[in-house]
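# An overview of the molecular structure
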Amino acid sequence: MSHSKSSSIFSFIFLGVSACFTILGLCQCAKPVKEEAVVVSQINTSHLDTLYSEIKVGEDTVGFIHIYSEYPDYHMVGDEDEGFACVDDASRASIFYLRQYAVSKNPEHLRKGRMLVKFMLAMQAPNGYYYNFLWPDGRIHTDGITSKPEPNFWSWRVLWAFGEAYILLEKGDPLKEEIHQQREKLVSKILTEPSFKSTVTDTTNGWTFPTWLPKTCGTDQASIILVGLSWMVQQSNLDGAVQKKDVLELMRHFADGIIMMQFRSKGDKQDGAFLSWENLWHAYANIQSYALLTAGQALKDTAIINSAMYEIKTFYPSILSNGGLNHFFVRVVDGKSESYDAETFSQIAYGVRPMVWATLKAYLMTGDTQYLVQAKELASWFSGNNPAKTPMYDPATGRGYDGISSAESINKNAGAESTIEALLALQALESYK
């Protein structure tokens, strides 16, 4: 994939449509990158294409992604309690396929991206939120704890995927109007959630946290909403049932809550990290910096951007130098914040891709090549620069492996999440080789 063919597409996706503005006190756009020779792409959609299939839901045929694929023969596996396909995977796969179509112009990438969007459209519940899981016979799992239409991850991932699909689908595509209608209904529901209007804080182990984010203080979930809302305010007039001022107000409120959860303690190797929930940081879904850079642009708020840049400049290098990280906790002792109970394993693709995206976005916003170098180093986890010294993505098959259990052991299953997250990381990075 050549840089010239794809960089403008991904710059637009990562930067949004807002103009460059003052960042960290410097007014600059991303520096132009020199034309480079065509490089061999590591992106192989073969395994994801195998995970992809189609099914009739209601009166329509939609695409879906099998959730599990197990070693050694990589047969497809569902979950007897949950189902065999879910919005969580379909949303991310649709983003990958549509982004890939923007570069490849392969009609199959567009077709699969669209069919996965249709899956999400078929999963909206009457209350505006989304069911998550589907049974093998095409019935929607309506009452499982991980499938109920409630303010939870799967609804936020739909909001995010809709934003990407809206800009990547071709002009006049009828799915865009369906996206518009469902997104308005979803965001109307989000704006009426009483808990999101709170200004109350709470504490645990001396650490103060907000109570107005999803699941009380879930910064990981709030971050996905921020990305989706950032797209929406740039794509819609918002002068009807959903008012732009209300969306912007919620975005600022969520950003304030996420920033409150940033661990600042000079000299502590976890300095700069955005905690995930209460006094816990975990790697998976830790997309806070990418979300704050995205929302900071939409809101034209340098303080929000600076907070994200601090994590990228301070905490991410610490993760690299310490061989990765699964989780840690913080507490306040005698007025000083400190981290404790850090664990290195397990490590998964969903803990790496968000850092790659955030660091690439920092590069695109500042033009500082140190961030491009850092993004490549973070992404090298997939090629074997990890504690197990084992590739976690196989370009020959397109499989993303399910995780590193220890320095001596990896999980060789290749489920949907691991494969999609690996592909999303490499897809973004390859545009800037």
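Refer to the preceding data block for the structure.
My aim in this report is to walk through the structure given alongside it, one point at a time. Note that the structure is a prediction, hence the values are computed from the model and not measured. All chains use their own residue numbering, which begins from 1 and follows the written sequence. Per-residue local features of the predicted model are confined to residues with pLDDT of at least 70, and side-chain atom pairs are confined, for both listing and counting, to 80 or more; whole-chain, interface and lining totals are unaffected and use all residues. Only hydrogens and water are set aside when side-chain values are computed; all heavy atoms of the structure are taken into account.

### Let's talk about the overall build of the protein chain
Going by this rule: Think of it this way: any DSSP run of H or I at least four residues long counts as a helix, any run of E at least two long counts as a strand, and we number them from the N terminus. Accessible area is worked out with a 1.4 Å probe on protein chains only. A residue is then buried under 20% of its type maximum, exposed over 50%, and partly exposed in between. Every residue pair with non-hydrogen atoms within 4.5 Å of one another is taken to be in contact. Charged residues are defined narrowly, with Lys and Arg counted positive, Asp and Glu counted negative, and His plus the chain ends left uncounted. Each charge is placed at NZ for Lys, CZ for Arg, CG for Asp and CD for Glu.
Scanning the protein chain for helices and strands turns up 13 helices and 17 strands. Here the C-alpha coordinates of the protein chain stretch approximately 60 × 50 × 45 Å along the principal axes. When the 433 residues of the protein chain are sorted by exposure, 60% land in the buried category. Contacts in the protein chain between residues far apart in sequence, at least 24 positions, make up 65% of those at least 6 positions apart. The averaged location of the 48 negative side-chain charges in the protein chain is 7 Å from the averaged location of its 38 positive side-chain charges.

### Looking at the packing of aromatic side chains
Put simply, the test is: Each aromatic pair joins two rings of Phe, Tyr and Trp (for Trp, the six-membered one) with centres within 6.5 Å, and gets the label stacked for planes under 30 degrees apart, edge-to-face for over 60, and tilted for any other angle. The criterion for a charge sitting over a ring is simple: Lys NZ or Arg CZ within 6 Å of the ring centre, and within 35 degrees of the ring normal.
In this structure the tally under the stated criterion is 18 aromatic pairs. Ring geometry for Y130 against F162: centres 6.3 Å apart, planes inclined by 80 degrees, an arrangement best described as edge-to-face. One end of the pair, Y130, is in the loop between α4 (107-122) and β8 (133-134); the other, F162, is in helix α5 (residues 153-168), with 32 residues separating them in the sequence. Taken as a pair, Y130 and F162 share a single burial class, namely buried. Judged by centre distance (5.1 Å) and plane angle (90 degrees), the ring pair of W381 and F382 falls under edge-to-face. Judged by relative accessible area, which is 2%, F382 ranks as buried. Ring-pair connections join several aromatic residues into one group, and the members of that group are W207, F263, W281, F315 and F328. Above the plane of the ring of Y310 lies R264, whose end atom (NZ or CZ) is 3.8 Å from the centre. The ring of Y340 has R331 lying over it, and the distance from NZ or CZ to the ring centre is 4.1 Å.

### As for helix α13 (residues 416-430)
For clarity, the threshold we go by: The span one expects for a helix is its residue count, reduced by one, times 1.5 Å.
Over its 15 residues, α13 extends 21 Å from the first C-alpha to the last, a length consistent with the 21 Å expected when each residue adds 1.5 Å. Among the 15 residues that make up α13, 14 are buried, leaving the element largely enclosed by the rest of the structure.

### Points about the layout of surface pockets
So the rule is basically this: In this analysis the probe radius is 1.4 Å and the grid spacing 1 Å, with only protein atoms considered; a cavity is a set of points the probe fits into but cannot get out of, a pocket is an open set with protein on both sides within 12 Å along at least five of seven lines, and lining residues have an atom within 4 Å of a point. Grid points are joined across faces, edges and corners, and a volume is the space filled by probe spheres set on the points. Under this grouping Gly is polar, as are all residues other than the nonpolar Ala, Val, Leu, Ile, Met, Phe, Trp, Tyr, Cys and Pro and the charged Asp, Glu, Lys and Arg.
Reported here for the largest pocket is a volume of approximately 620 Å³. Along its surface, the largest pocket is lined by 29 residues, and Y68, D88, R92, F133 and E417 are the ones closest to its centre. Contributing elements (two or more residues each) for the lining of the largest pocket: α3 (87-104), α5, β16 (403-406) and α13. Quantified by volume, the second largest pocket comes out at close to 330 Å³. Those elements giving two or more residues to the lining of the second largest pocket turn out to be β11 (280-282), α10 (302-321), α11 (349-366) and α12 (369-379). The leading source of residues in the lining of the second largest pocket is α11, at three residues. Residue composition of the lining of the second largest pocket, grouped by class: twelve nonpolar, nine polar and one charged.

Shape is all these values report; function is a separate question.
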